[in-house]
Structure formats: C-alpha cells, structure tokens
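# Descriptive structure summary
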Amino acid sequence: MIEISNLNKTFNVDGNTVQAINNVSLKINDGDIYGIIGYSGAGKSTLLRCINKLEDVDSGSISINGTDITKLKNGKLRAEKKKIGMIFQHFNLLQQKTVFENIAFPLKINKYPKDKIKDRVLELLEYVDLVDKIDAYPSQLSGGQKQRVAIARAISTNPTILLSDEGTSALDPSTTQSILELLKQINNDLKITIVMVTHQMEVVKDICDKVAIVEKGQIVENGTVEQIFTSPKSKTANLFISSLQGDVQEDIIDTSDYDGKIVRLSFLGDSAKKPIVSDLVRKFDVDVNILSGNINKLQQSKVGHLIVELIGKDEEIQNSIDYLENTCKIVAEVI
Amino acid sequence: MLELLIPSILETLYMVSVSTLIALVIGFPLGIILVMTEKGGLSENLLVNNILNFIINLLRSIPFIILIILIFPLSKLLVGTMIGTTATIVPLAISAAPFVARVMETSLKEVDKGVVEFGVSMGASNFEIISKILVPEALPSIISSITLTIINLISYSAMAGMVGGGGLGNLALQYGYYRTDKAILYAAVIVIILMVQAFQLAGDKLAKSVNKK
C-alpha cells in the first residue's frame with residue numbers, strides 16, 4: 001500500500017516559490033490501477049515522481065508498505081527504488097543498447113544471476129510480444145514497441161509498483177489502446193499496483209479503478225472511477241468527463257431555448273438497463289423530451305448520461321426527480 | 001628525404017599519442033566531475049564546480065607557446081630535461097587536459113536527461129549511472145571529442161618543435177626555415193595535412209559505426 005500524507009513540495013523558479021504539491025494525502029491500495037489526472041502544470045507528475053523519490057519533498061511522508069521513502073538515503077533508498085518500476089512519456093530507452101541489453105540492464109544492476117538473464121529477458125519479450133526485436137536498437141522501433149520494451153524493462157525485476165508518467169501521451173490512439181491493454185494484463189497477471197499520471201480521461205476510463213483529480217497541487221476530488229463519472233463534484237472533473245468523445249454536450253444545450261426543466265441524469269451499471277423514461281411518463285404527469293445521451297464503458301461497469309427536458313407542472317417534475325433519485329438510484333441534476 | 005621524414009613522423013606520433021593518453025586520463029574524470037557537480041547534476045556541488053571551471057578556463061586561456069615556456073621547470077622535474085620529444089609531452093598534456101575536460105563535459109551533457117532519470121528511478125548508483133549509462137550513451141560524441149583532441153595536439157606538437165621539441169614541426173623549422181630547404185618544408189606540411197585528414201576520417205568512421213541512435 002502506498003500512503004501519502006500531508007505532502008508538500010515547492011519549487012524555486014527564478015526567485016519565485018511555486019507550491020507544486022500542497023498538502024496532499026492519498027491512499028493507494030495494493031493491486032489498484034490508480035489514475036492521477038490533471039492539466040499540465042497541475043503537479044501530477046511531481047506527485048508521481050515523489051513516490052520513487054525522483055523529487056525530494058519539503059514535508060509530509062510517503063509510506064510504501066510501511067517504509068517511509070522520504071526518510072531513506074543512499075543504499076537503503078536505492079534498494080527501495082528497485083521495488084518500483086517506472087515508464088516515461090518519452091520511453092527513456094538506452095539508445096546505444098539493443099532491446100536485449102535494455103531489458104537486461106536492471107537485472108545486471110540488481111546482480112541477477114548471469115546465466116539466468118537471457119531466459120528472463122526472453123520471457124519478458126514474449127510477454128510484451130517483441131521476441132523478434134531482441135537485437136534491434138531503439139531507433140529501429142516504433143513508439144508503441146519502444147514503450148513495450150520500456151514496460152518489459154520496468155517489470156524485469158518483479159517490482160510491486162509500476163509508475164507511469166504520461167506513458168501513453170506520446171502514442172497514437174490505437175497504440176495507446178494496446179499499451180493500456182498490456183498494463184491491464186500486467187496488473188492482472190502479476191498483481192502489480194499501477195499508478196499512472198495522465199491528462200487523458202480516455203486512459204482513466206479504460207483502465208483505472210480509482211482516480212484522483214489534481215489541480216494547483218491539490219487533490220480536488222478522488223474516488224472510484226464510477227463515482228467520479230456518475231457524480232463529479234469539481235469543475236475540473238466535469239471538464240475531464242465532458243472532454244471524452246461522444247459525451248453529453250451540455251454547452252450546446254441552451255436551457256433558455258426550452259420551456260421545461262432540463263435535467264441531467266447519470267446512471268451506473270444496472271440502473272442503465274431500466275426503462276426509466278417510459279416509467280416516468282406512466283407514473284407522473286410529465287412529458288419527457290430526450291435532448292442528448294451517451295454511455296461510457298468503464299473498467300468495471302458502464303456509466304450513462306442522459307439530458308432530458310421534463311415538461312409538466314413543477315410539482316410533478318419535482319416528484320419525478322425524487323422518484324429517479326430515491327427509487328431508481330439515479331443522480332438527477334437540474335441544469 | 002625519407003630518412004629525415006620517417007623519424008620525425010614517428011616522433012610526432014609518439015608525442016601526440018602519449019600526450020593524448022595523459023590528457024584523457026586527467027581530462028576525462030574532470031569532465032565527469034563537471035557534469036556531476038553542475039547545477040541540477042547528480043551530486044550538485046557548486047563550489048567544486050566553480051573552482052574546477054575557474055582552473056580549466058585559466059589553463060585554457062594561456063597561449064600554448066607561452067605555456068611551454070612557463071612549464072619548462074615542471075618538464076625538467078618530471079622527465080629530467082627541457083628539450084626533446086619526451087619533454088614536450090608535458091606541456092602538450094597539460095594544455096590538452098582542460099580541453100579534454102571541456103569537450104567531455106559537452107559530450108556527456110548531450111545525453112538525454114531522460115535516460116539518466118531512468119537510472120536514478122531504478123536505483124542505480126551514481127557510479128553505475130556514469131559508467132553504464134552516461135559514458136556508453138555519449139560514446140559516439142566522446143570519440144568525436146577525442147578526434148578533435150588528437151588533431152589539436154598534432155598542430156600543437158608542431159608548435160612545440162619550435163622550442164626544442166622533435167617531430168615534424170622541428171623538421172620544418174630546422175631544415176625548411178633555417179636551411180631554407182623548401183622541399184622538406186613542403187613535405188613536412190603535406191605529411192601534417194595528411195595526418196590530420198587521416199585521423200579525422202578514422203574518427204568520423206569510428207564514431208558513426210558505434211552510434212546506434
């Protein structure tokens with residue numbers, strides 16, 4: 001388990017102090033795929049880099065399975081870092097070394113038995129499906145292949161945690177999908193906790209169990225991806241969700257164009273399957289006009305959004321909203 | 001003419017190769033220290049960095065011909081004489097060492113910060129980062145830097161010939177200038193040009209062949 005408590009970190013930029021991380025506390029359970037999302041400059045990468053002490057912190061603690069990594073130095077710190085793999089936006093492969101040498105690198109540093117290195121590298125290459133590239137140099141690989149090599153290298157020493165700093169941000173959408181699939185598979189097969197920093201809500205939607213939304217060095221909202229998708233509280237969370245393609249375009253709907261009440265319905269999992277619209281019409285004296293709708297597939301379930309116009313007496317409309325919220329367990333929000 | 005040229009060529013090669021080796025032994029670690037101690041470096045130490053920078057700049061600002069004279073007592077102390085090829089190696093090495101430190105620093109700085117960060121993130125020690133990441137990644141550029149050093153030293157060794165060193169410079173001076181034997185003068189110049197071309201060509205080829213980027 002990774003437990004971050006009251007973490008603070010400031011940078012000195014041209015004489016100005018910038019609070020990169022402002023009193024952040026966060027708990028990441030073993031086996032989670034935890035997303036940290038935010039706009040650039042929000043402090044998400046800095047937060048991630050504190051976890052393996054690529055950045056020193058000003059105050060607070062980061063405990064990894066009970067060991068406070070912020071207090072460690074030199075040899076003990078290096079030993080702890082060896083339990084944490086990391087992948088990067090620009091892959092950071094050794095350009096002058098082959099795929100084989102790149103993956104063997106952490107093994108050699110970790111004094112892995114020499115005669116077993118070759119087998120281990122082959123096993124990893126099979127896992128990431130790049131056996132035929134064993135003698136290639138990074139410059140001969142595509143972006144997706146480079147990231148696969150980087151992933152194989154990061155997990156070669158069987159770490160318990162894998163950090164991804166914008167690991168898919170430099171890749172095209174279909175390659176991103178294949179890398180995400182690989183990460184999901186690693187999480188599933190090897191029970192490695194994955195913490196991934198991203199600015200793409202797609203990534204969070206596709207593979208994360210939980211997500212923290214970071215803004216100005218603070219976590220403005222965190223929880224399971226389902227929670228954030230069904231009832232985002234912060235403006236940033238809303239913006240990220242609406243950034244997804246095919247999402248409800250609230251901006252386009254001008255409430256003054258309609259006579260009735262515009263209501264945004266968010267439903268999760270089973271409630272998505274109920275015929276709620278015909279339910280409403282039958283039970284209450286209201287008309288329902290569907291303005292827009294969509295459904296997002298998440299890691300564990302589905303989240304649907306529907307924007308409807310409810311036409312009728314105020315009282316009937318209020319009753320229908322209460323009914324939706326209390327009986328159908330749907331989040332209804334009057335826009 | 002050949003009986004004059006060949007010993008001079010060998011002397012020049014001897015002076016250049018030994019002084020290159022010494023300059024590398026001194027300058028290479030200094031270049032590494034410069035990169036490690038600079039602001040944001042792996043073991044940032046601005047005091048060490050500033051002092052080292054000052055000394056390197058100081059040595060580099062002394063014209064070579066004056067350095068030779070300044071260093072006469074040291075040459076005498078180290079090799080027992082102030083003239084001849086072996087004595088010339090001392091000022092050559094001392095003038096080339098800070099140059100090597102500077103070009104090595106530049107070569108090492110060219111290495112992508114990301115791969116160094118990868119080393120830090122996976123728990124490699126500073127020594128492992130230098131020996132297994134920084135230097136191998138910078139190798140093509142390091143080879144180019146060594147080529148540059150050798151070519152500089154060929155030209156400096158010719159200059160050293162003027163003040164009692166041996167080699168092609170001395171040959172050109174003694175026979176070409178004092179005895180006005182134009183043939184020897186031109187021959188010495190042509191050999192020096194060919195030598196520079198050959199080292200440059202070989203250095204470029206080698207740098208290119210080891211570069212996998």
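Residues numbered from 1 in each chain as written. Chains lettered and ligands numbered in written order. Predicted model: local features only at pLDDT ≥ 70, side-chain atom pairs only at ≥ 80, totals over all residues. Heavy atoms only, no water.

Moving on to a positive patch on the surface. A surface patch of like charges, here positive, comprises Lys-108, Lys-111 and Lys-114 of chain A together with Lys-132 of chain B. Within the secondary structure layout, Lys-114 of chain A lies in helix H4 (residues 114-127). Residue classification places Lys-114 of chain A among the exposed positions, given a relative accessible area of 77%. (Patch = residues over 30% accessible without salt bridge, like charges linked within 9 Å, V, L, I, M, F, W, Y side chains within 5 Å. Areas by Shrake-Rupley, 256 points an atom, 1.4 Å probe, with all protein chains shown as cover. Salt bridge = Lys/Arg side-chain N within 4 Å of Asp/Glu carboxyl O. Lys, Arg positive; Asp, Glu negative; His and termini not counted. Charge placed at Lys NZ, Arg CZ, Asp CG, Glu CD. Helix = DSSP H or I, 4+ residues; strand = E, 2+ residues; numbered from the N terminus. Buried < 20%, exposed > 50% of the residue type's maximum accessible area, 1.4 Å probe, protein only.)

Residues and elements named next belong to chain A. Spatially, four strands are ordered E2-E1-E4-E5 in an open sheet, and the strand pairing comes out antiparallel. Each end of this open sheet is capped by a strand with a single partner; those strands are strand E2 (16-28) and strand E5 (67-68). For strand E1 (residues 2-13) and strand E4 (residues 59-64), the ladder comprises five bridges, and the chain directions are antiparallel. Its bridge partner being in E4, Ile-4 is matched across the sheet by Ile-62. The strands that helix H1 (residues 44-51) touches are E1, E2 and E4; relative to E1, the one it contacts most, it runs at about 120 degrees. (Pairing = 2+ DSSP bridges. Contact = heavy atoms within 4.5 Å. Axes fitted to C-alpha atoms, helices over the stretch in contact; angles between N-to-C directions.)

Taking 1.5 Å of rise per residue, the 36 residues of helix H1 (residues 2-37) of chain B would be expected to cover 52 Å, and the 51 Å separating its terminal C-alpha atoms lies within 8% of that figure. At Leu-24 of chain B, H1 of chain B shows its maximal bend, which comes to roughly 30 degrees. (Expected span 1.5 Å × (residues − 1). Bend = angle between axes of the 7 residues up to and from the residue.)

This brings us to the nonpolar core. Core analysis: the biggest nonpolar cluster contains 79 residues, and Ile-2 and Ile-4 of chain A have the highest contact counts within it. Per-element tally for this core: the top contributor is helix H6 (residues 126-160) of chain B, with 11 residues. The residues touching Ile-4 of chain A, leaving out its near neighbours within four places in the chain, are Val-24, Ser-25, Leu-26, Leu-47, Ile-51, Ser-61 and Ile-62 of chain A. Among the nonpolar cores identified, the runner-up in size contains 51 residues, and Phe-91, Phe-100, Val-149 and Leu-298 of chain A belong to it. (Core = buried A, V, L, I, M, F, W, Y, C linked by side-chain atoms within 4.5 Å.)

Here we take up the interface of chain B and chain A. Interface size is commonly expressed as the accessible surface area that is lost when the partners come together. Opposite the 21 residues of chain B that make contact, chain A presents 22 residues. Summing both partners gives a buried area of about 2000 Å² for chain B against chain A, and 60% of it is carried by carbon and sulfur. Among the residues chain B hides against chain A, the three largest losses belong to Phe-118, Met-122 and Lys-212 of chain B. Together they make up 29% of the total. Counting the contacts that link chain B with chain A gives one salt bridge. For Glu-117 of chain B, the salt bridge is made with Arg-49 of chain A, and the minimal N-O distance between the two is 2.8 Å. Of the residues contributing to the side of chain B that touches chain A, the split by class is nine nonpolar, five polar and seven charged. (Buried area = accessible area lost by both parts, 1.4 Å probe. Nonpolar A, V, L, I, M, F, W, Y, C, P; charged D, E, K, R; others polar.)

Another aspect to go through is the environment of Asn-211 of chain B. Residue position: Asn-211 of chain B is located in the segment after helix H8 (182-210). Every residue in contact with Asn-211 of chain B, bar those within four places of it in the chain, is listed here: Gln-96 of chain A together with Pro-140 of chain B. Within the local environment of Asn-211 of chain B, its side chain forms a polar contact with the backbone nitrogen of Lys-213 of chain B, the two atoms lying 3.0 Å apart. (Polar contact = N/O pair within 3.5 Å; in protein donor to acceptor, adjacent residues only side chain to side chain.)

Our focus in this paragraph is the packing of aromatic side chains. Counted by the stated rule, this structure contains five aromatic pairs over all chains. Over the ring of Phe-118 of chain B we find Arg-153 of chain A; its NZ or CZ atom is 3.3 Å from the centre of that ring. We note Arg-179 of chain B situated over the ring of Tyr-175 of chain B; from NZ or CZ to the ring centre the distance is 4.3 Å. (Phe/Tyr/Trp six-rings, centres within 6.5 Å; stacked < 30°, edge-to-face > 60°. Lys NZ or Arg CZ within 6 Å of the ring centre and 35° of its normal.)

What follows deals with the domain arrangement of chain A. Residues and elements named next belong to chain A. In terms of domains, chain A is made up of domain 1 (2-224) and domain 2 (255-334). Relative to domain 2, the C-alpha centre of domain 1 lies at a distance of 40 Å. Each side of the interface is counted separately: domain 1 has seven residues, and domain 2 has five residues. Summing both sides of the interface, domain 1 and domain 2 together bury roughly 400 Å²; the carbon and sulfur share of this comes to 36%. It is Lys-184, Lys-205 and Asp-209 in domain 1 that bury the most area against domain 2; as a group they hold 78% of the surface buried on that side. The interface formed by domain 1 and domain 2 includes zero salt bridges. (Domains from an automatic or database assignment.)

The next thing to look at is the packing of helix H3 (residues 99-109) of chain A against helix H5 (residues 143-155) of chain A. All names here are of chain A. Two elements in contact, H3 and H5, have axes separated by 7 Å at closest approach and are oriented at 25 degrees. Relative to H5, H3 is oriented roughly parallel. In this structure, H3 crosses over H5, and the sense of that crossing is right-handed. Counting all contacts with H3, which are made through Val-99, Asn-102, Ile-103 and Pro-106, the residues of H5 involved are Val-149, Ala-152 and Arg-153. Each residue belonging to the contact of H3 with H5 can be placed in one class, and the counts come to five nonpolar, one polar and one charged. (Parallel < 35°, antiparallel > 145°, perpendicular 65-115°, else oblique. Left-handed = near helix turned anticlockwise from the far one by under 90°.)

Let us look at the pattern of salt bridges. Inspection of every chain in the model, using the stated rule, returns 12 salt bridges over all chains. Residues Lys-9 of chain A and Glu-55 of chain A are paired through a salt bridge, measuring 3.8 Å at the closest nitrogen-oxygen approach. Here Lys-9 of chain A, found in strand E1, pairs with Glu-55 of chain A, found in the loop between H1 and E4; they are 46 residues apart in sequence, far enough to count as distant. Across the pair Asp-68 of chain A and Lys-71 of chain A runs a salt bridge whose closest N-O atoms are separated by 3.1 Å. In this structure Asp-68 of chain A comes out as buried when scored by relative accessible area, which is 19%. One continuous salt-bridge network, built from bridges that share partners, spans Lys-9, Arg-49 and Glu-55 of chain A together with Glu-117 of chain B.

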